[in-house]
Amino acid sequence: MDSHTAIQPLMVGDAGVALALSAALRRRGVLVTAIRPPTVPQGAARLRITFSARHTAAQIDRLLAALTESYRECTHVHA
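What you see is a predicted model; the values in this text were computed from it and never measured.

Asks: Before we move on, could you go through the overall build of the protein and cite the residues and values that matter?
Replies: Tallying secondary structure elements over the protein gives two helices and three strands in all. Going residue by residue from the N terminus, the α and β elements of the protein occur as β-α-β-β-α. Here the protein has a C-alpha radius of gyration of 12 Å; the compact-globule value for 79 residues is 12 Å, and the two agree. Sequence separation of 24 or more characterises 63% of the internal contacts of the protein that already satisfy a separation of 6 or more. Accessible surface for the protein amounts to roughly 5300 Å². Of this, 58% is attributable to carbon and sulfur atoms.

Laid out in structure tokens, this is it:
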């Protein structure tokens, strides 16, 4: 999703999948929160990724790898 801030939302849609992704990321040592109704409209659940200037390129690479693994894991479970 378009964002010009340190907070980068990643649209998921389904609240259950967003929660599962957040939990899978946490198991991999990455803290990313799930934002779901009633905070956002039904069907608009998302992950809230927050970056800071202190994050290294290696940490961002780790996030991307964890997101890929977690997405595969969670969509397989929820498909």
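Asks: Just give me the short version of unusual backbone geometry, but keep the residues and values in it.
Replies: A cis geometry characterises the amide bond from P37 onward to P38, with omega recorded as 15°. Note that P38 resides in the loop between β2 (33–35) and β3 (45–50).

Asks: Give a detailed account of the sheet that holds strand β1 (residues 7–13), specifying residues and quantitative values.
Replies: Think of a sheet as strands paired side by side through backbone hydrogen bonds, with each pair either parallel or antiparallel. Taken in spatial order, the three strands make up an open sheet running β1-β3-β2, and their pairing is antiparallel. Every other strand in the sheet has two partners, leaving β1 and β2 as the edge strands with one partner each. Taken over all neighbouring pairs, the strand axes of this sheet differ in orientation by 30° on average, direction set aside. With six bridges connecting them, β1 and β3 associate as antiparallel partners. Within the sheet, the bridge partner assigned to L10 lies in β3 and is L47.

Asks: Pulling in residues and values, what's your account of the pattern of salt bridges?
Replies: The tally for this structure, following the rule as stated, stands at three salt bridges. With a closest N to O distance of 2.9 Å, R28 and E69 form a salt bridge. Here R28, found in the loop between α1 (15–27) and β2, pairs with E69, found in helix α2 (residues 57–78); they are 41 residues apart in sequence, far enough to count as distant. The partly exposed category is assigned to R28, whose relative accessible area is 24%. Accessibility expressed as a relative area gives 41% for E69, which makes it partly exposed.

Asks: Explain α1 to me, and be specific about the residues and the numbers.
Replies: With 13 residues, α1 should cover 18 Å at 1.5 Å per step; its first-to-last C-alpha distance of 19 Å lies within 8% of that length. Among all positions in α1, only V17, A18, A20, L21, S22, A24 and L25 are buried. Of the residues flanking the start of α1, the one acting as N-cap is D14, its side-chain oxygen 2.9 Å from the backbone nitrogen of G16. The positive-phi residue at the C-terminal boundary of α1 is G29, with phi of around 85°.

Scoring rules and cut-offs
Residues numbered from 1 in each chain as written. Predicted model: local features only at pLDDT ≥ 70, side-chain atom pairs only at ≥ 80, totals over all residues. Heavy atoms only, no water. Helix = DSSP H or I, 4+ residues; strand = E, 2+ residues; numbered from the N terminus. Rg over C-alpha atoms; globule rule 2.2 N^0.38 Å. Contact = heavy atoms within 4.5 Å. Areas by Shrake-Rupley, 256 points an atom, 1.4 Å probe, with all protein chains shown as cover. Pairing = 2+ DSSP bridges. Axes fitted to C-alpha atoms, helices over the stretch in contact; angles between N-to-C directions. Salt bridge = Lys/Arg side-chain N within 4 Å of Asp/Glu carboxyl O. Buried < 20%, exposed > 50% of the residue type's maximum accessible area, 1.4 Å probe, protein only. Expected span 1.5 Å × (residues − 1). Polar contact = N/O pair within 3.5 Å; in protein donor to acceptor, adjacent residues only side chain to side chain.

In short, the description is geometric, and any link to function would need to be established separately.
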